[in-house]
Amino acid sequence: MFYPTMNSSKKLIIFSYDFPPSNGGIARLCQEIAVGMKPYYHSVLVLTRENDGVNMPYNLKEVEVVRLPRKRVACELKAIKLLSKIKGKDNYDILCGTWHPEAVLSKISGFRSIFILAHGAELTSGNSSFRKNIWLSLYARFILSHVKLIIANSSFTRNLVCKISNSAICEGLPLGVNHNFFKPLNLKHSNGILKICTVSRIEDFKGHDFVANTLLKLEKNYPGKIIWNIAGTGGYFNELIQIINNLRISHLVKFHGFVKDEDLPNFYNSNDLFILCTKDNPKDINVEGFGLVFLEAQSCGIPVIGTRTGGISDAIEENKGGWLIEQNNESDLYDLISSLLNNRSFLNTQGLEARKRVEEKCTWEIYCKNLSQIMKR
């Protein structure tokens, strides 16, 4: 087992507007980093904004958190005041949840050892000429080029950083998962029904409609053999309900709403297969920079299916507990699910492979060890 050596001369500040109880991947990532980096620093402090949300992580009490006012202007003025007062800034590393505004405020406050987490969507312009020609080309390029290091969550996201600024120093570091929390629980019961699940915000680009259309075709050849459990909320919810009703597959689908962190392991373990078929659209700023939910499912011993879009290819290793298909290719998804329906033993074997892969390559301990080494360079 690896036992890290504490860097007693350095302190870490994690400055992120996204932090529990707010929901989403950035908040979850910053929470895990705050806990996982404690062995490498004399102290770890989180600076964040007051947030709404119901997501109370299992390890929140382990983290020292200072919360800023909710209103944007008051928040930023307070952040600059607090950060500027810190003495001995050379003894601090400051890890920012995003390049704007956290890294900008850190720079204004006089910090030099600034690191930025890069996720994906904040680096895309979509159909906006302002984002393309000013926000990213000028503003983001300057900030990304004047910090110590950017840590990208995937090769895809690293490429986005490099396209904005070829002088930025950027390292790709795929995310991890808490394998002691997300673990197999042996909750499934073999009754001949394939239980599929999706955990995600319900938005158009997440591809729920694509999965629904494929399930319609599968139901015709495998009646009564599939159930789709959907966890999440979002702006596309009503449209998705309408699509499912129009396809007449509402009897196959169950909506679970937002599932709290503490309940996610049970949710994953109650299913046989995880699917999230995110779509890339150059006119849309939304992308799947990595897809942490793929690791959570795999850590629970649940095989996963994803699309070759965004950074998902870094979250899934083909035939090592998961499969990748092309975007919007219903025949690929149909063939894959039908083969799993016909060969449940192969599905079970891939579940074991999924768990093994996580334990060997994708734990938060491994991630934080690699992160600490990158930040010391």
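Residues numbered from 1 in each chain as written. Predicted model: local features only at pLDDT ≥ 70, side-chain atom pairs only at ≥ 80, totals over all residues. Heavy atoms only, no water.

Considering the pairing of strand β12 (residues 304-307)
The side chains of a regular strand alternate between the sheet's two faces.
Stage number 1. Neither face of β12 is open: one carries Val304 and Gly306, the other Ile305 and Thr307, and all of them are buried.
Stage number 2. Bridge count between strand β11 (residues 273-276) and β12: 3 bridges; the pairing is parallel. When the sheet's bridge partners are listed, Ile275 is paired in β12 with Ile305.
Stage number 3. One crossover worth recording links β11 to the parallel β12 by way of helix α9 (residues 292-299), and it is right-handed.
Stage number 4. Where β12 and strand β13 (residues 322-325) come together, 4 bridges link them in parallel fashion. (Buried < 20%, exposed > 50% of the residue type's maximum accessible area, 1.4 Å probe, protein only. Helix = DSSP H or I, 4+ residues; strand = E, 2+ residues; numbered from the N terminus. Pairing = 2+ DSSP bridges. Right-handed = clockwise from strand over helix to strand, strands pointing away.)

Digging into the packing of aromatic side chains
Stage number 1. Scanning all chains against the criterion turns up 13 aromatic pairs.
Stage number 2. Taken together, a centroid distance of 5.5 Å and an interplanar angle of 55 degrees make the contact between Trp99 and Trp135 tilted. One end of the pair, Trp99, is in helix α3 (residues 99-108); the other, Trp135, is in helix α4 (residues 129-145), and 36 residues separate them in sequence.
Stage number 3. Arranged with centres 6.2 Å apart and planes meeting at 40 degrees, the rings of Phe130 and Trp135 form a pair that is tilted.
Stage number 4. Residue Trp135 is classed as partly exposed on the basis of its relative accessible area of 21%.
Stage number 5. We note Lys89 situated over the ring of Phe111; from NZ or CZ to the ring centre the distance is 5.4 Å. (Phe/Tyr/Trp six-rings, centres within 6.5 Å; stacked < 30°, edge-to-face > 60°. Lys NZ or Arg CZ within 6 Å of the ring centre and 35° of its normal.)

Observations regarding the sheet that holds β13
Strands in a sheet are paired, the pairing made by backbone hydrogen bonds, and the direction either parallel or antiparallel.
Stage number 1. The strand order across the open sheet built from 6 strands is β10-β9-β8-β11-β12-β13, with neighbouring strands paired in parallel fashion. Looking at the sheet topology across the chains shown, the edges are occupied by β10 (253-255) and β13. Averaged over neighbouring strand pairs, the angle between their axes works out to 25 degrees when direction is ignored.
Stage number 2. On the sheet, helix α10 (residues 330-342) packs against β8 (194-199), β9 (226-231), β11, β12 and β13 and is oriented at approximately 155 degrees with respect to β13. (Axes fitted to C-alpha atoms, helices over the stretch in contact; angles between N-to-C directions. Contact = heavy atoms within 4.5 Å.)

Considering a nonpolar patch on the surface
Stage number 1. A cluster of nonpolar side chains, contributed by Phe130, Ile134 and Leu138, occupies part of the molecular surface with about 300 Å² of accessible area.
Stage number 2. Examined against the element boundaries, Leu138 turns out to sit in helix α4.
Stage number 3. Taking relative accessible area as the criterion, Leu138 reaches 55% and is therefore assigned exposed. (Patch = residues over 30% accessible without salt bridge, like charges linked within 9 Å, V, L, I, M, F, W, Y side chains within 5 Å. Areas by Shrake-Rupley, 256 points an atom, 1.4 Å probe, with all protein chains shown as cover. Salt bridge = Lys/Arg side-chain N within 4 Å of Asp/Glu carboxyl O.)

Description of the packing of α10 against helix α11 (residues 344-361)
Stage number 1. It is at 5 Å that the axes of α10 and α11 come closest, and there the two elements cross at 105 degrees. Relative to α11, α10 is oriented roughly perpendicular. Across the interface between the two elements, Leu340, Leu341 and Asn342 of α10 pack against Arg344, Phe346 and Leu347 of α11.
Stage number 2. A class-by-class count of the residues in the contact of α10 with α11 yields 4 nonpolar, 1 polar and 1 charged. (Parallel < 35°, antiparallel > 145°, perpendicular 65-115°, else oblique. Nonpolar A, V, L, I, M, F, W, Y, C, P; charged D, E, K, R; others polar.)

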